Each structure stands twice: as C-alpha cells, then as structure tokens.
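Spelled out, the chains give:
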Amino acid sequence: MRVFKNLEELPKFKNTVITIGTFDGVHKGHQKILKRITDIAQSINGESILITFYPHPRFVLQPGNKDLKLLNTLDEKISLLENFGLDNLVVAPFSKGFSQMPALAYIKDFLVENFQPNTIVIGYDHHFGFNRSGDIDLLKEYQKVFQFQVEQISKETIEDIAISSTKIRKALLAGDIETSTHLLGHPYQLSGYVIKGEQIGRTLGFPTANIQLTVNYKLIPKTGVYAVMIHIQGENYKGMLNIGFRPTVEGNSKTIEVNIFDFNKNIYGEEISITLVKRLRDEKKFKNLEALKKQITSDKKETLACFE
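Given the structure is predicted, the values throughout are model-derived calculations rather than measurements.

The rules we used
- By convention here, each chain's residues receive numbers from 1 onward along its written sequence.
- Where local features are concerned, this predicted model is filtered to residues with pLDDT of at least 70; where side-chain atom pairs are given and counted, the filter is 80 or more; whole-chain, interface and lining totals use all residues.
- Only heavy atoms go into the side-chain values, all of them from the structure, while hydrogens and water stay out.
- For Phe, Tyr and Trp, where Trp contributes only its six-membered ring, two rings pair if their centres lie within 6.5 Å, and the inter-plane angle classes them as stacked under 30 degrees, edge-to-face over 60, or tilted in between.
- Buried means the residue's accessible area, taken with a 1.4 Å probe over protein chains only, is under 20% of the maximum for its type, while exposed means over 50%, and partly exposed covers the values in between.
- Criterion for a charge above a ring: Lys NZ or Arg CZ within 6 Å of the ring centre, and within 35 degrees of the ring normal.
- A run of H or I in DSSP becomes a helix once it reaches four residues, and a run of E becomes a strand once it reaches two; helices and strands are each numbered from the N terminus.
- Polar contacts, as counted here, are pairs of nitrogen or oxygen atoms within 3.5 Å of one another; within protein the pair requires one atom able to donate a hydrogen and one able to accept it, and residues that are adjacent in sequence qualify only if both atoms are side-chain atoms.
- Working rule for contacts: check all heavy atoms of both residues, and any pair within 4.5 Å makes them a contact.
- Helix axes are fitted only over the stretch in contact, all axes being lines through C-alpha atoms; the angle between N-to-C directions runs from 0 to 180 degrees.
- In what follows, roughly perpendicular refers to angles from 65 to 115 degrees, roughly parallel to angles under 35, roughly antiparallel to angles over 145, and oblique to any angle outside these ranges.
- Helix crossings fall into two classes, left-handed where the near helix is turned counterclockwise from the far one by less than a right angle and right-handed where it is turned clockwise.
- Paired strands, in this sense, are two strands between which DSSP finds at least two bridges.

Caption draft 1: Quick peek at the packing of aromatic side chains. Scanning the entire structure with this criterion turns up 15 aromatic pairs. Ring plane angle 85 degrees and centroid distance 5.9 Å describe the contact between Phe4 and Phe13, whose orientation is recorded as edge-to-face. Since its relative accessible area comes to 13%, Phe4 is described here as buried. Taken together, Phe4, Phe13, Phe53, Phe94, Phe98, Tyr106, Phe110, Phe115 and Phe128 form an aromatic cluster joined through their ring pairs. Taking the ring centre of Phe307 as reference, the NZ or CZ of Lys238 above it sits at 5.7 Å.

Caption draft 2: Summary view of the side chain of Glu257. Its place among the elements puts Glu257 in strand β11 (residues 255-260). Side-chain polar atoms of Glu257 contact the side chain of Thr208, separated by 2.9 Å. A distance of 3.5 Å separates polar atoms of two side chains, one belonging to Glu257 and the other to Thr255. Excluding its chain neighbours within four sequence positions, the residues that come into contact with Glu257 are Thr208, Ala209, Asn210, Met240, Leu241, Asn242 and Arg246.

Caption draft 3: Local environment of the packing of helix α8 (residues 155-173) against helix α9 (residues 177-184). Direction vectors running N to C along α8 and α9 enclose 155 degrees, while the axes themselves pass 8 Å from each other. Regarding the angle of α8 to α9, the classification is roughly antiparallel. You can see that α8 and α9 cross each other, and the crossing is left-handed. Between α8 and α9, the contacting residues are Ser164, Lys167, Ile168, Ala171 and Leu172 on the first element and Ile177, Thr179, Ser180, Leu183 and Leu184 on the second.

Caption draft 4: How the structure looks around the sheet that holds strand β10 (residues 235-244). Sheet architecture is closed into a barrel: 6 strands sit in the order β7-β8-β11-β10-β9-β12, paired in antiparallel fashion. Here the strands of the sheet are splayed against their neighbours by 45 degrees on average, with no regard to which way each runs. Sheet topology note: the strand β7 (residues 189-195)/strand β12 (residues 271-281) ladder contains 5 bridges and is antiparallel. Across the sheet, residue Gln189 finds its bridge partner in β12, namely Thr275. Most of the contacts of α9 go to β12, to which it runs at about 125 degrees, and overall it touches β9 (224-232) and β12.

Listed below in structure tokens is the structure:
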C-alpha cells in the first residue's frame, strides 16, 4: 500500500476505484467497503484508493469540541489499512479553506484532477463541498461529463457502520473488550511513548512503563487491569496494563502503565504499542502495598492463562 500525504506529490493514477471517508477504527463495516473497491479495481485492472482527511474534519470545523474521541491515531489507521489489500491511501490535508470549496469544484478540481476516477464508491449520506451541499445525486449528475461511474454503498451498510462505531466506543468505555474486538475485527490498540513515572511498581517487583499517548483525542477504555500484548523495539511481549488513578498509593491523575513480562531494558522515550486482549478486573484500593502485590501476582497468573 502506497501512502500519500501531499496532494502535490500524487502520481498519475490509472483506472482508479476510489472511496472517501474517515474510516475511524477500520472496523468490519469499513472492511466491507475496502473489499468492494479492491474487488472492482482487480476486475478492471485498475487501482484502489481510499481518500481520508487529516486532521479529522470535525476538529477543524468544531475546534472547541473536546468530546470527540477517535479509535485510531493516523499512524494506527495506516498500520491497520495495510492488512486489506488497498493499493493507495491518500491522506488529504483538511482545512477551513478546503471545507469552503464549492461542491462542483470538489468533484472537478479535487476528485477528477487528482484521481482520474473510473469508479467512485460512496454512501447515500455522503456530503461534500461548502455547506455539505454535494451528495451522491450531484456525483451521478456529472458522471457522464467526467466519465466516471458512481456506485452507492447500501443504506443498510452505512447504518451498520454508524451503529458499529457507536457500539465500539460504548463497549470500550464499558470495558467490554470482547464486543469491541468482535466489531472491529481486530483488538483495540493504544500507542504512545514511555515516560518516567514514580517507580512504585519497581518496589513491588512489577516495574511498569508509564505511557504518554501520542494524541489527546484517542479514546481511552474504562479504568481497570487488562491482559495485553506489547510491541516495542520491533519485538512482541505479553504483559498487564493498568488504566486508572492508583488509589492504593493515593494517585491523583489518570495514568496508563504497563508491566512487560520477561523484559528488563531502559526504554524511556521509546515508542510503544499496546494491544488489549482481555479486561481482568476493576481498579480498586488495597489496604497496603503487600495486599496490592498479592493481587498483581494473581493478575499475572490470569494474564498468562489468557495466552495459553
């Protein structure tokens, strides 16, 4: 999969089949659309293109909205999309100016000029251009003029996608990892950098790496203890993740910290990726550190059992 982040550097595409969307989560609904565009592209000896936008349009158009939380960072989305046979991903820069482009100019100067589409695969509710005035009917009106075909994604599929995205977010906020994994078609992931913590875990015999997420809009699942896989320095490890406030040691801010099994390296500043496998329990306050240590030992046994 080729990735383009600059419209000035796009090659001359040939026989393209394109779709457009944020594809947050790259979940099973999105995967259906990816399969459709790759299938059509293969059948016409062409190439498939997903056009997505960065930053997320709502961050640009509603800058004060702190409630919008995404399932993927851009890097996570790119990494997931690698798995679905897509030929090209174009990450188009989104700006206030771009949002004010008239709908016809969007078709002519953005889609046709840059991508020379043979086929555009789009949902019935997809809107584009200034004041969201463009839709599938406008695309159909101009398909003969610009010599492309329009294929509509069914209303049922689009609604499935919206329902899935909502359900995935709700499941993660409820700590329901089984449901989120099922709807995504892959486990949920957190990624960030290792920063210095208070090193309390070290005194308990369970040193943890404190994680600073790469973006502040990433959806963080419910507080608690999770069995996880960790990817760092090109290697995979098993481990336990704690998301929460560390009530036993009077913590006062939410932290994300991971204990990596069979690992003893200095990794401050390193990039780390954590895949959620199972939620083990709620975070709770213990009467002392000894009781906490006993519980963590039990958590480790349960975690290892998850991987057997």
